[in-house]
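Secondary and tertiary structure notes
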Amino acid sequence: MRDNIKVGLLGLGTVGTGVVKMIQNHQEQLVHQVGCPVSIKKVLVKNPDKVRDVELDSSILTTDPYDVINDSEIDVIVEVIGGIEETRQYIIDALNLKKQVVTANKDLIALHGSELQKIAVENGCDLFYEASVAGGIPIIKGLADGLASDKIQKMMGIVNGTTNYILTKMTKEGLSYETALKDAQDLGFAEADPTSDVEGLDAARKMAILARLAFSMDIELDDVSVSGISSVTKDDLKYGNMLGYTMKLIGYADQENDRAEVSVQPTFLENNHPLASVNDEYNAVYVYGEAVGETMFYGPGAGSLPTATSIVSDVLAVVKNMRLGVNGRSVLAPQFDRQLKEANERFAKYFIRLHVRDEVGAFSELTKLFSNHSISFEKILQLPLEEEGLAEIVIVTHKASMENYQNVLSQVKDLDVVKGVESFYRVEGEGATR
């Protein structure tokens with residue numbers, strides 16, 4: 001065990017800068033935690049001459065990743081450059097050189113996490129990735145350590161700050177999707193190309209990671225059904241509010257009888273649901289365990305120092321394992337075979353908004369179709385439309401199987417009395433209990 005732990009940093013962007021600041025400014029606390037100094041030995045950058053908001057000797061900067069990876073004095077590699085295939089190879093090479101690895105790369109972990117963990121274990125190394133999900137919220141450690149003795153049955157998460165900010169602005173200020181997105185971009189909460197966020201892809205990667213860990217099952221990214229918020233309208237939110245709901249982009253993971261379902265989709269939450277009050281760029285993950293019941297993890301989902309906090313905490317965990325000689329021993333193979341629920345095993349309530357001809361017998365046709373598919377109504381809202389002869393009908397169903405719900409959706413638009421299916425969303429009640 002070295003007297004001074006050396007860290008090699010791949011990347012010096014927003015998060016990498018936060019890591020350097022925390023290691024430099026919290027040295028006394030780090031020494032107290034692990035018994036020795038922790039220092040930055042070498043840093044990969046794109047441009048060594050760039051002016052940065054952190055003080056680093058130019059001699060430790062490099063544009064070659066292998067100057068960091070191959071440095072024999074470096075104990076821990078911290079990866080914050082992003083990307084997938086090239087970065088995957090960097091991490092593999094680092095692990096094969098017996099380097100401990102900490103990463104914030106959700107895309108990489110979602111796609112190749114199982115492979116990389118196997119390589120880490122084979123080399124007696126740790127691969128930690130707390131910062132890959134929900135920034136500064138310790139949800140990974142919460143599931144892996146704090147709730148390790150329990151059986152996690154269900155998780156619901158707001159795990160993308162961009163979409164939560166947009167939906168908050170649409171709900172609170174009545175903005176259109178397009179205006180709220182522009183506002184988010186102007187404030188730096190959304191990228192110039194927001195596709196990954198607004199179409200749910202970013203959240204799907206995070207939910208694959210969480211479900212894999214919580215259910216001890218090798219969930220793949222392709223197992224996550226995904227829809228985003230780009231088609232959500234002010235009218236949807238208005239009618240949802242009239243019925244007592246708030247909309248969020250929800251990552252959902254559930255397991256019953258060792259069969260899982262994982263999805264990301266715009267969801268109406270009852271206003272008294274704990275996640276309904278999580279606003280702006282904040283994240284939260286709501287967990288239901290068989291023994292513990294309901295818990296919620298809440299906090300900033302991104303940002304330089306919140307994310308750096310998770311990364312440096314992982315570094316400390318790595319160093320503690322080094323002192324105990326147990327690196328690479330904390331990873332367990334999945335306990336359960338990967339089994340996914342079929343459509344007839346997935347149940348939820350649904351919000352469906354229709355434009356219907358305002359004539360005698362119209363509603364009875366709707367009722368008959370839903371009844372034929374064993375779907376009953378919990379709430380109904382009917383309002384006249386400006387277009388003469390049409391009515392706006394909003395239905396919230398009781399719990400129904402996804403199979404029956406999809407069959408209804410495919411058939412309702414063909415009814416003569418229905419002019420159009422305007423929108424449809426999942427609905428969740430006040431808590432995660434079944």
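Please refer to the structure placed before this passage.
Figured I'd write up the structure that's included with this text. Everything quoted here is computed from the prediction, not taken from an experiment. (Residues numbered from 1 in each chain as written. Predicted model: local features only at pLDDT ≥ 70, side-chain atom pairs only at ≥ 80, totals over all residues. Heavy atoms only, no water.)

1. Quick look at unusual backbone geometry
With the exception of glycine, most residues fall at negative phi, and the peptide bonds are largely trans. Quick reminder of the rule: Going along the chain from the N terminus, every DSSP run of H or I of four or more residues is numbered as a helix, and every run of E of two or more is numbered as a strand.
Here Asn257, not a glycine, exhibits a phi torsion of approximately 55 degrees, which is positive. Checked against the element boundaries, Asn257 lands in the loop between strand E9 (245-256) and strand E10 (259-270). The phi angle at Asp258 is positive, at roughly 60 degrees, despite the residue not being glycine. The topology assignment puts Asp258 in the loop between E9 and E10.

2. Section: the packing of helix H5 (residues 106-122) against helix H10 (residues 201-215)
Defined as follows: Lines are fitted to the C-alpha atoms to define the axes, a helix being fitted only along its stretch in contact, and any angle between axes, read from their N-to-C directions, falls within 0 to 180 degrees. Between 65 and 115 degrees an angle is taken as roughly perpendicular, under 35 as roughly parallel, over 145 as roughly antiparallel, and anywhere else as oblique. Note on convention: near helix rotated counterclockwise from far helix by under a right angle means a left-handed crossing. Clockwise means right-handed. In this analysis, two residues are considered to be in contact whenever any of their non-hydrogen atoms come within 4.5 Å of each other.
It is the contact of H5 with H10, at a shortest axis distance of 8 Å, that shows an interaxial angle of 40 degrees. Put simply, H5 runs oblique to H10. Here H5 runs over H10; the crossing is left-handed. In this structure, H5 uses Lys106, Asp107, Ile109, Ala110, Gly113 and Ser114 to contact H10, whose residues at the interface are Asp202, Arg205, Lys206, Ile209 and Arg212.

3. Remarks on the environment of Ile352
Counted only if it meets this: Residue burial is assigned from relative accessible area. The probe radius is 1.4 Å, only protein chains are included, and a residue is buried under 20% of its type maximum, exposed over 50%, and partly exposed in between.
Residue position: Ile352 is located in strand E13 (residues 347-357). Judged by its relative accessible area of 1%, Ile352 is buried. Sequence-wise, Ile352 and Tyr425 are 73 residues apart; in three dimensions their C-alpha atoms are separated by 6.7 Å.

4. Examining the state of the cysteines
Selection criterion: We call a pair of cysteine sulfur atoms a disulfide when they lie within 2.5 Å.
Within the structure shown, the criterion is met by 0 disulfides. Distance from the sulfur of Cys36, which forms no disulfide, to the nearest cysteine sulfur (Cys125) is 17 Å. A relative accessible area of 3% means that Cys36 is categorised as buried. Relative accessible area serves as the criterion here: at 1%, Cys125 is assigned to the buried category.

5. Comments concerning the environment of Ala284
The residue Ala284 is located in strand E11 (residues 282-289) in this model. Once residues lying within four places of it in the same chain are set aside, the contact partners of Ala284 are Ile137, Met156, Gly157, Ile158, Leu275, Val278, Met296, Phe297 and Tyr298.

6. Some details on the nonpolar core
Selection rule: Residues belong to a common nonpolar core when they are buried Ala, Val, Leu, Ile, Met, Phe, Trp, Tyr or Cys residues joined through side-chain atoms within 4.5 Å.
In this structure, Ile139, Leu143, Ile166, Leu210, Val287 and Phe351 are the most contacted members of the largest nonpolar core, which totals 77 residues. A total of 9 residues in this core trace back to one element, the largest contributor, which is H10. Here Leu210 is in contact with Val133, Ile139, Ile140, Leu143, Met155 and Val285, once residues within four sequence places are set aside. Among the nonpolar cores identified, the runner-up in size contains 33 residues, and Val7, Val38, Phe128 and Ile311 belong to it.

7. What to know about the packing of aromatic side chains
As a reminder of what qualifies: We call Phe, Tyr and Trp rings a pair once their centres come within 6.5 Å, taking the six-membered ring for Trp, and we label the pair stacked below 30 degrees between planes, edge-to-face above 60, and tilted otherwise. Counting as a charge over the ring demands two things of the Lys NZ or Arg CZ atom: a distance within 6 Å of the ring centre and an angle within 35 degrees of the ring normal.
Counting across every chain of the model gives 10 aromatic pairs. Judged by centre distance (5.6 Å) and plane angle (90 degrees), the rings of Phe268 and Tyr425 are edge-to-face. With Phe268 in strand E10 and Tyr425 in strand E17 (residues 418-428), this residue pair connects regions lying 157 residues apart in the sequence. For the pair shown, Phe268 and Tyr425 are each scored as buried. On the basis of an interplanar angle of 10 degrees and a centroid distance of 5.4 Å, the ring pair of Tyr282 and Tyr298 is categorised as stacked. With a gap of 16 residues between them, Tyr282 in strand E11 and Tyr298 in strand E12 (residues 293-300) connect regions that are remote in the sequence. Among the aromatic residues, those joined into a cluster by ring pairs are Tyr245, Phe268, Phe351 and Tyr425. The ring of Tyr252 has Arg426 lying over it, and the distance from NZ or CZ to the ring centre is 3.8 Å.

8. Some details on the sheet that holds strand E5 (residues 100-103)
Keep this limit in mind: Strands are labelled as partners when DSSP assigns at least two bridges between them.
Taken together, 6 strands build an open sheet; the order of strands is E3-E2-E1-E4-E5-E6 and the sheet is parallel. Edge positions in the sheet fall to strand E3 (61-62) and strand E6 (127-128), since each of these pairs with one other strand and no more.

9. What about the side chain of Asn123?
This is how the line gets drawn: Within 3.5 Å is the distance limit for a polar contact, defined as a pair of N or O atoms, with the added protein rule that one can donate a hydrogen and the other accept it, and that residues adjacent in sequence qualify only through two side-chain atoms.
For Asn123, the position within the fold is in the loop between H5 and E6. According to the relative accessible area criterion, Asn123 is buried, its value standing at 13%. Reaching out from Asn123, the side chain makes a polar contact with the side chain of Asn96 at a distance of 3.1 Å. A polar contact is formed between the side chain of Asn123 and the side chain of Lys98, at a distance of 2.9 Å.

10. Quick look at helix H12 (residues 304-324)
The criterion, for reference: A helix's residues, less one, multiplied by 1.5 Å, set its expected span.
Taking 1.5 Å as the rise per residue, H12 with 21 residues should run 30 Å; its terminal C-alpha atoms sit 30 Å apart, in good agreement. Where H12 terminates, the next one or two residues include Gly325, which has phi positive at roughly 70 degrees.

11. Observations concerning the packing of helix H7 (residues 161-173) against helix H8 (residues 177-186)
Cut-off, in case you're wondering: Any residue that is not Ala, Val, Leu, Ile, Met, Phe, Trp, Tyr, Cys, Pro, Asp, Glu, Lys or Arg is counted as polar, Gly included; the first ten are nonpolar and the last four charged.
For the pair H7 and H8, interaxial distance at closest approach is 9 Å and the crossing angle is 130 degrees. Judged by the inter-axis angle, H7 sits oblique to H8. For the crossing formed where H7 meets H8, the hand is right-handed. From H7, Tyr165, Ile166, Lys169 and Met170 reach across to H8, where they touch Tyr177, Ala180, Leu181, Asp183 and Ala184. Among the residues making up the contact of H7 with H8, the classes are represented as 7 nonpolar, no polar and 2 charged.

12. Focus: empty space enclosed by the protein
The test is simple: Whether a set of points on the 1 Å grid over the protein atoms alone is a cavity depends on a 1.4 Å probe fitting there but being unable to get out, while an open set qualifies as a pocket with protein on both sides within 12 Å along at least five of seven lines; lining residues are those with an atom within 4 Å of a point. Grid points are joined across faces, edges and corners, and a volume is the space filled by probe spheres set on the points.
Inspection of every chain in the model, using the stated rule, returns 1 cavity of 30 Å³ or more. Size it by volume and the largest cavity reaches roughly 30 Å³. Lining of the largest cavity is provided by Thr171, Leu237, Asn241, Tyr245, Thr246, Met247 and Phe268. For the lining of the largest cavity, the residue count by class is 4 nonpolar, 3 polar and no charged.

Shape is all these values report; function is a separate question.
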